[in-house]
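Given next are the chains, with one letter for each unit.
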Amino acid sequence: MNRIKGKLILITGASSGIGASCARRFAAEGADLVLWARRADRLELLAAELGPASRVSLSVAVVDVRDRAAVNRAAEALVAAGHVPDVLINNAGLASGLSKIHEGDPEDWDRMIDTNLKGLLNVTRAVLPHMVARRRGHVVNIGSTAGHQTYPMGNVYNATKFGVRALTEGMNLDVAGTPIRVSEVDPGFVETEFSEVRFHGDRERAKTVYQGFQPLTADDVADTIAYIVNLPEHVNILDLIIVPTAQRNVYVVDRT
Ligand code: NDP
Ligand code: 8X3
(Lines give C-alpha, C1' and ligand atoms only; values in the text may rest on other atoms or scores of the structure.)
(Ligands and ions follow the chains in the order given, each with its own letter.)
Protein backbone atom coordinates (compact mmCIF):
# COMPACT_ATOMS: atom_id res chain seq x y z
CA MET A 1 0.00 0.00 0.00
CA ASN A 2 1.31 3.43 -0.92
CA ARG A 3 0.85 5.88 1.98
CA ILE A 4 3.46 8.27 0.54
CA LYS A 5 1.44 9.45 -2.46
CA GLY A 6 0.07 12.96 -1.95
CA LYS A 7 2.18 13.71 1.13
CA LEU A 8 4.22 16.91 1.20
CA ILE A 9 7.80 15.99 2.06
CA LEU A 10 10.49 18.52 2.96
CA ILE A 11 14.04 17.21 2.49
CA THR A 12 17.07 19.16 3.70
CA GLY A 13 20.38 18.52 1.96
CA ALA A 14 18.54 17.39 -1.18
CA SER A 15 21.25 18.41 -3.65
CA SER A 16 23.26 15.18 -3.46
CA GLY A 17 23.65 11.75 -1.89
CA ILE A 18 20.94 10.43 0.40
CA GLY A 19 18.79 13.57 0.15
CA ALA A 20 18.74 13.51 -3.66
CA SER A 21 17.95 9.77 -3.67
CA CYS A 22 15.07 10.39 -1.27
CA ALA A 23 13.75 13.09 -3.61
CA ARG A 24 13.82 10.67 -6.57
CA ARG A 25 12.25 7.86 -4.55
CA PHE A 26 9.48 10.00 -3.04
CA ALA A 27 8.72 11.60 -6.42
CA ALA A 28 8.35 8.11 -7.90
CA GLU A 29 5.87 7.30 -5.09
CA GLY A 30 3.83 10.40 -5.92
CA ALA A 31 4.79 12.70 -3.04
CA ASP A 32 4.92 16.47 -3.36
CA LEU A 33 8.38 17.77 -2.58
CA VAL A 34 10.12 20.74 -1.04
CA LEU A 35 13.88 20.47 -1.53
CA TRP A 36 16.41 22.60 0.36
CA ALA A 37 20.19 22.83 0.08
CA ARG A 38 22.86 25.49 -0.52
CA ARG A 39 23.81 24.65 -4.15
CA ALA A 40 21.18 26.18 -6.44
CA ASP A 41 22.63 24.60 -9.60
CA ARG A 42 22.31 21.08 -8.17
CA LEU A 43 18.77 21.71 -6.97
CA GLU A 44 17.77 23.05 -10.37
CA LEU A 45 19.23 20.01 -12.14
CA LEU A 46 17.32 17.70 -9.82
CA ALA A 47 14.11 19.68 -10.31
CA ALA A 48 14.57 19.50 -14.10
CA GLU A 49 15.08 15.74 -13.84
CA LEU A 50 12.06 15.16 -11.59
CA GLY A 51 9.67 17.83 -12.84
CA PRO A 52 8.65 16.59 -16.27
CA ALA A 53 8.77 12.92 -15.32
CA SER A 54 6.29 13.16 -12.49
CA ARG A 55 3.02 14.92 -11.84
CA VAL A 56 4.09 15.84 -8.32
CA SER A 57 4.41 19.45 -7.21
CA LEU A 58 7.97 20.37 -6.50
CA SER A 59 9.64 23.45 -5.10
CA VAL A 60 13.30 24.05 -4.47
CA ALA A 61 14.94 26.73 -2.36
CA VAL A 62 18.47 27.68 -1.47
CA VAL A 63 18.45 27.32 2.30
CA ASP A 64 21.54 26.98 4.45
CA VAL A 65 20.26 25.19 7.54
CA ARG A 66 22.85 27.05 9.65
CA ASP A 67 21.14 30.35 8.82
CA ARG A 68 18.25 30.45 11.30
CA ALA A 69 16.68 33.57 9.76
CA ALA A 70 16.75 32.01 6.28
CA VAL A 71 15.27 28.76 7.59
CA ASN A 72 12.49 30.67 9.35
CA ARG A 73 11.74 32.72 6.23
CA ALA A 74 11.57 29.62 4.01
CA ALA A 75 9.37 27.75 6.49
CA GLU A 76 7.05 30.74 6.96
CA ALA A 77 6.66 31.07 3.17
CA LEU A 78 5.61 27.42 2.99
CA VAL A 79 3.13 27.72 5.83
CA ALA A 80 1.70 30.98 4.45
CA ALA A 81 1.03 29.16 1.17
CA GLY A 82 -0.80 26.42 3.10
CA HIS A 83 2.03 23.94 2.60
CA VAL A 84 2.81 22.51 6.02
CA PRO A 85 5.01 19.46 5.38
CA ASP A 86 3.58 16.06 6.31
CA VAL A 87 7.11 14.70 6.51
CA LEU A 88 10.40 16.42 7.37
CA ILE A 89 13.61 14.60 6.45
CA ASN A 90 16.40 16.23 8.48
CA ASN A 91 19.20 14.97 6.26
CA ALA A 92 21.56 17.96 5.72
CA GLY A 93 24.83 17.13 7.39
CA LEU A 94 28.52 16.62 6.96
CA ALA A 95 31.82 15.56 8.39
CA SER A 96 34.64 18.05 8.05
CA GLY A 97 38.15 16.74 8.63
CA LEU A 98 39.43 13.60 10.33
CA SER A 99 41.98 14.54 12.99
CA LYS A 100 42.93 13.77 16.54
CA ILE A 101 41.09 16.08 18.89
CA HIS A 102 44.30 17.81 19.99
CA GLU A 103 45.20 18.47 16.36
CA GLY A 104 41.70 19.29 15.07
CA ASP A 105 40.70 22.48 13.28
CA PRO A 106 38.07 24.43 15.26
CA GLU A 107 36.67 25.70 11.95
CA ASP A 108 35.82 22.07 11.08
CA TRP A 109 34.23 21.63 14.52
CA ASP A 110 32.04 24.74 14.01
CA ARG A 111 30.97 23.51 10.56
CA MET A 112 29.84 20.13 11.92
CA ILE A 113 28.17 21.38 15.08
CA ASP A 114 26.45 24.27 13.25
CA THR A 115 25.12 22.00 10.49
CA ASN A 116 24.45 18.63 12.09
CA LEU A 117 23.06 19.85 15.41
CA LYS A 118 22.09 23.52 15.22
CA GLY A 119 20.92 23.20 11.58
CA LEU A 120 18.70 20.25 12.44
CA LEU A 121 17.35 22.23 15.40
CA ASN A 122 16.72 25.35 13.29
CA VAL A 123 14.66 23.40 10.75
CA THR A 124 12.79 21.38 13.37
CA ARG A 125 11.96 24.49 15.40
CA ALA A 126 10.57 26.18 12.27
CA VAL A 127 8.48 23.22 11.03
CA LEU A 128 7.46 21.07 14.00
CA PRO A 129 5.13 23.64 15.68
CA HIS A 130 2.96 23.58 12.56
CA MET A 131 2.84 19.79 12.61
CA VAL A 132 1.88 19.89 16.28
CA ALA A 133 -0.84 22.49 15.57
CA ARG A 134 -2.27 20.26 12.81
CA ARG A 135 -1.73 17.11 14.87
CA ARG A 136 -0.11 15.46 11.85
CA GLY A 137 3.48 14.89 10.86
CA HIS A 138 6.53 12.70 10.76
CA VAL A 139 10.12 13.82 11.37
CA VAL A 140 12.93 11.55 10.15
CA ASN A 141 16.37 12.49 11.41
CA ILE A 142 19.43 11.11 9.62
CA GLY A 143 21.96 10.08 12.26
CA SER A 144 24.77 7.58 11.72
CA THR A 145 26.46 4.51 13.09
CA ALA A 146 28.87 7.23 14.23
CA GLY A 147 26.15 8.19 16.71
CA HIS A 148 26.31 4.76 18.35
CA GLN A 149 30.03 4.15 18.55
CA THR A 150 33.09 6.40 18.34
CA TYR A 151 36.04 5.71 16.05
CA PRO A 152 39.57 7.10 16.07
CA MET A 153 39.60 10.75 14.94
CA GLY A 154 35.81 10.77 14.59
CA ASN A 155 35.52 12.80 17.83
CA VAL A 156 33.42 15.88 16.91
CA TYR A 157 31.50 14.18 14.07
CA ASN A 158 30.72 11.37 16.54
CA ALA A 159 29.58 13.93 19.10
CA THR A 160 27.19 15.56 16.63
CA LYS A 161 25.64 12.21 15.66
CA PHE A 162 25.37 11.07 19.29
CA GLY A 163 23.64 14.44 19.73
CA VAL A 164 21.22 13.75 16.88
CA ARG A 165 20.25 10.54 18.67
CA ALA A 166 19.59 12.45 21.89
CA LEU A 167 17.53 14.99 19.97
CA THR A 168 15.47 12.26 18.28
CA GLU A 169 14.73 10.70 21.66
CA GLY A 170 13.92 14.12 23.12
CA MET A 171 11.65 15.07 20.24
CA ASN A 172 9.71 11.83 20.64
CA LEU A 173 9.17 12.61 24.31
CA ASP A 174 8.16 16.19 23.61
CA VAL A 175 5.49 15.29 21.05
CA ALA A 176 3.88 12.75 23.38
CA GLY A 177 0.13 13.33 23.38
CA THR A 178 0.11 14.06 19.64
CA PRO A 179 0.04 11.54 16.77
CA ILE A 180 3.34 12.91 15.43
CA ARG A 181 6.09 10.38 14.76
CA VAL A 182 9.83 10.95 15.13
CA SER A 183 12.19 8.40 13.60
CA GLU A 184 15.92 8.12 13.06
CA VAL A 185 17.88 6.28 10.38
CA ASP A 186 21.53 5.55 11.14
CA PRO A 187 23.54 4.44 8.11
CA GLY A 188 27.05 3.03 8.06
CA PHE A 189 29.26 3.57 4.99
CA VAL A 190 27.29 5.04 2.08
CA GLU A 191 29.18 6.08 -1.04
CA THR A 192 28.10 9.67 -1.66
CA GLU A 193 29.95 13.00 -1.65
CA PHE A 194 30.29 12.61 2.13
CA SER A 195 33.98 11.63 2.20
CA GLU A 196 34.91 14.14 -0.49
CA VAL A 197 33.41 16.83 1.73
CA ARG A 198 35.11 15.38 4.82
CA PHE A 199 38.50 15.50 3.07
CA HIS A 200 37.92 19.01 1.75
CA GLY A 201 37.61 18.00 -1.91
CA ASP A 202 40.33 15.31 -2.02
CA ARG A 203 38.57 12.78 -4.30
CA GLU A 204 41.38 10.23 -4.32
CA ARG A 205 41.44 10.04 -0.54
CA ALA A 206 37.65 9.90 -0.46
CA LYS A 207 37.64 6.86 -2.78
CA THR A 208 39.88 4.88 -0.40
CA VAL A 209 37.13 4.92 2.24
CA TYR A 210 34.98 2.63 0.09
CA GLN A 211 37.70 0.41 -1.38
CA GLY A 212 37.71 -3.39 -0.99
CA PHE A 213 34.04 -3.83 -0.06
CA GLN A 214 30.58 -2.96 -1.32
CA PRO A 215 29.31 0.12 0.50
CA LEU A 216 25.66 1.13 0.70
CA THR A 217 24.30 3.33 -2.06
CA ALA A 218 22.23 6.41 -1.36
CA ASP A 219 19.31 4.53 -2.95
CA ASP A 220 19.66 1.74 -0.34
CA VAL A 221 19.19 4.33 2.40
CA ALA A 222 16.35 6.09 0.56
CA ASP A 223 14.55 2.72 0.31
CA THR A 224 14.76 2.36 4.08
CA ILE A 225 13.56 5.90 4.69
CA ALA A 226 10.66 5.31 2.28
CA TYR A 227 9.78 2.12 4.20
CA ILE A 228 9.63 4.07 7.47
CA VAL A 229 7.58 6.91 6.00
CA ASN A 230 5.17 4.45 4.38
CA LEU A 231 4.30 2.65 7.62
CA PRO A 232 0.77 3.10 9.01
CA GLU A 233 0.23 6.01 11.40
CA HIS A 234 0.25 3.78 14.49
CA VAL A 235 3.73 2.39 13.71
CA ASN A 236 6.88 4.39 14.50
CA ILE A 237 10.45 3.21 13.94
CA LEU A 238 12.43 4.96 16.67
CA ASP A 239 15.89 4.11 15.37
CA LEU A 240 17.06 1.96 12.49
CA ILE A 241 20.73 1.08 11.83
CA ILE A 242 21.59 0.12 8.25
CA VAL A 243 25.08 -1.02 7.26
CA PRO A 244 26.72 -2.74 4.31
CA THR A 245 27.03 -6.46 4.99
CA ALA A 246 30.83 -6.11 5.04
CA GLN A 247 30.64 -3.51 7.83
CA ARG A 248 30.51 -5.18 11.24
CA ASN A 249 30.62 -2.10 13.45
CA VAL A 250 31.45 1.54 12.89
CA TYR A 251 35.10 0.78 12.09
CA VAL A 252 35.41 -3.01 11.46
CA VAL A 253 34.95 -3.65 7.74
CA ASP A 254 35.78 -6.85 5.81
CA ARG A 255 37.97 -5.46 3.04
CA THR A 256 39.41 -7.75 0.36
P1 NDP B 1 26.44 14.31 0.69
O2 NDP B 1 27.65 15.15 0.93
O3 NDP B 1 26.32 13.62 -0.63
O4 NDP B 1 25.13 15.17 0.93
C5 NDP B 1 25.03 16.07 1.99
C6 NDP B 1 23.90 17.04 1.70
O7 NDP B 1 23.78 17.96 2.81
C8 NDP B 1 24.13 17.85 0.45
O9 NDP B 1 22.93 17.91 -0.28
C10 NDP B 1 24.51 19.21 0.97
O11 NDP B 1 24.05 20.19 0.04
C12 NDP B 1 23.71 19.27 2.26
N13 NDP B 1 24.20 20.25 3.21
C14 NDP B 1 25.41 20.29 3.82
N15 NDP B 1 25.50 21.38 4.58
C16 NDP B 1 24.33 22.05 4.46
C17 NDP B 1 23.82 23.26 4.98
N18 NDP B 1 24.54 24.02 5.81
N19 NDP B 1 22.57 23.66 4.64
C20 NDP B 1 21.83 22.89 3.80
N21 NDP B 1 22.25 21.75 3.26
C22 NDP B 1 23.49 21.34 3.59
O23 NDP B 1 26.44 13.25 1.89
P24 NDP B 1 25.34 12.17 2.34
O25 NDP B 1 24.20 12.12 1.43
O26 NDP B 1 26.09 10.95 2.61
O27 NDP B 1 24.91 12.80 3.74
C28 NDP B 1 23.55 13.00 4.12
C29 NDP B 1 23.42 12.74 5.61
O30 NDP B 1 23.73 11.36 5.87
C31 NDP B 1 24.34 13.56 6.51
O32 NDP B 1 23.62 13.96 7.64
C33 NDP B 1 25.44 12.56 6.89
O34 NDP B 1 26.02 12.88 8.13
C35 NDP B 1 24.61 11.30 6.96
N36 NDP B 1 25.35 10.05 6.88
C37 NDP B 1 26.15 9.76 5.79
C38 NDP B 1 26.83 8.55 5.75
C39 NDP B 1 27.76 8.20 4.64
O40 NDP B 1 28.58 7.28 4.81
N41 NDP B 1 27.70 8.85 3.49
C42 NDP B 1 26.66 7.56 6.81
C43 NDP B 1 25.83 7.97 7.91
C44 NDP B 1 25.19 9.16 7.91
P45 NDP B 1 24.75 21.59 -0.28
O46 NDP B 1 26.22 21.37 -0.23
O47 NDP B 1 24.23 21.91 -1.65
O48 NDP B 1 24.24 22.51 0.76
C1 8X3 C 1 29.13 8.54 8.23
C2 8X3 C 1 29.69 7.20 8.50
O3 8X3 C 1 31.62 5.99 9.61
O4 8X3 C 1 32.16 7.66 7.92
O5 8X3 C 1 28.26 8.93 9.23
O6 8X3 C 1 31.39 8.32 10.10
S7 8X3 C 1 31.29 7.33 9.06
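All of the points below concern the structure found in this document. (Residues numbered from 1 in each chain as written. Chains lettered and ligands numbered in written order. Predicted model: local features only at pLDDT ≥ 70, side-chain atom pairs only at ≥ 80, totals over all residues. Heavy atoms only, no water.)

Overview of the side chain of Thr12
- In this structure, Thr12 sits in strand S1 (residues 8-12).
- In this structure Thr12 comes out as buried when scored by relative accessible area, which is 1%.
- Side-chain polar atoms of Thr12 contact the backbone nitrogen of Asn91, separated by 3.0 Å.
- Among the polar contacts made by the side chain of Thr12, one reaches the main-chain amide nitrogen of Ala92 at a distance of 2.9 Å. (Helix = DSSP H or I, 4+ residues; strand = E, 2+ residues; numbered from the N terminus. Buried < 20%, exposed > 50% of the residue type's maximum accessible area, 1.4 Å probe, protein only. Polar contact = N/O pair within 3.5 Å; in protein donor to acceptor, adjacent residues only side chain to side chain.)

Concerning the site of ligand 1
- Neighbouring ligand 1 are 30 residues, the closest being Ser15, Ser16, Arg38, Tyr157 and Thr192.
- Within the side chain of Ser16, an N or O atom sits 2.7 Å from an oxygen atom of ligand 1.
- Contact between ligand 1 and Val65: a nitrogen atom at 3.0 Å from a main-chain N or O atom of the residue.
- Contact with the protein chains removes 96% of the 880 Å² of surface that ligand 1 exposes when unbound.
- Spatially, ligand 1 is embedded in the largest pocket.
- Residue assignment for the shell around ligand 1 shows that the elements contributing at least two residues are helix H1 (17-28) and helix H5 (155-174).
- Residue composition of the shell around ligand 1, by class: 13 nonpolar, 11 polar and 6 charged. (Near = heavy atom within 4 Å. Areas by Shrake-Rupley, 256 points an atom, 1.4 Å probe, with all protein chains shown as cover. 1 Å grid on protein atoms, 1.4 Å probe; cavity = no way out; pocket = protein on both sides within 12 Å on 5 of 7 lines; lining within 4 Å. Sits in = over half its atoms within 2 Å of the grid points. Nonpolar A, V, L, I, M, F, W, Y, C, P; charged D, E, K, R; others polar.)

Some remarks on the site of ligand 2
- Taken together, the residues surrounding ligand 2 are Ser144, Ala146, Tyr151, Tyr157, Phe189, Phe194 and Arg198.
- In this structure, an oxygen atom belonging to ligand 2 sits 2.6 Å away from a side-chain N or O atom of Tyr151.
- Within the contact set of ligand 2, an oxygen atom lies 2.6 Å away from a side-chain nitrogen or oxygen of Tyr157.
- When ligand 2 is considered free in solution it has 240 Å² of accessible area, and contact with the protein chains removes 91% of it.
- Split into classes, the residues belonging to the shell around ligand 2 amount to 5 nonpolar, 1 polar and 1 charged.

Thoughts on the layout of surface pockets
- Considering only enclosed or pocket space, the largest pocket measures out at about 1100 Å³ in volume.
- Considering the residues around the largest pocket, the lining is formed by 49 residues, among which Gly93, Leu94, Tyr157, Thr192 and Phe194 are closest to the centre.
- At the level of secondary structure, the elements contributing two or more residues to the lining of the largest pocket comprise H1, strand S2 (32-37), H5, helix H6 (194-198) and helix H7 (203-208).
- Counting residues per element, the lining of the largest pocket draws most heavily on H6, which supplies 4 residues.
- Looking at the lining of the largest pocket residue by residue, the classes come out as 24 nonpolar, 16 polar and 9 charged.
- Roughly 230 Å³ of internal volume is contained in the second largest pocket.
- What lines the second largest pocket is Leu121, Thr124, Arg125, Leu128, Pro129, Leu167, Gly170, Met171, Asp174 and Val175.
- Looking at the lining of the second largest pocket, the elements that each hand over two or more residues are helix H4 (106-134) and H5.
- Top element by residues in the lining of the second largest pocket is H4. It accounts for 5 residues.
- Here the residues of the lining of the second largest pocket sort into 6 nonpolar, 2 polar and 2 charged. (Points joined across faces, edges and corners; volume = space filled by probe spheres on them.)

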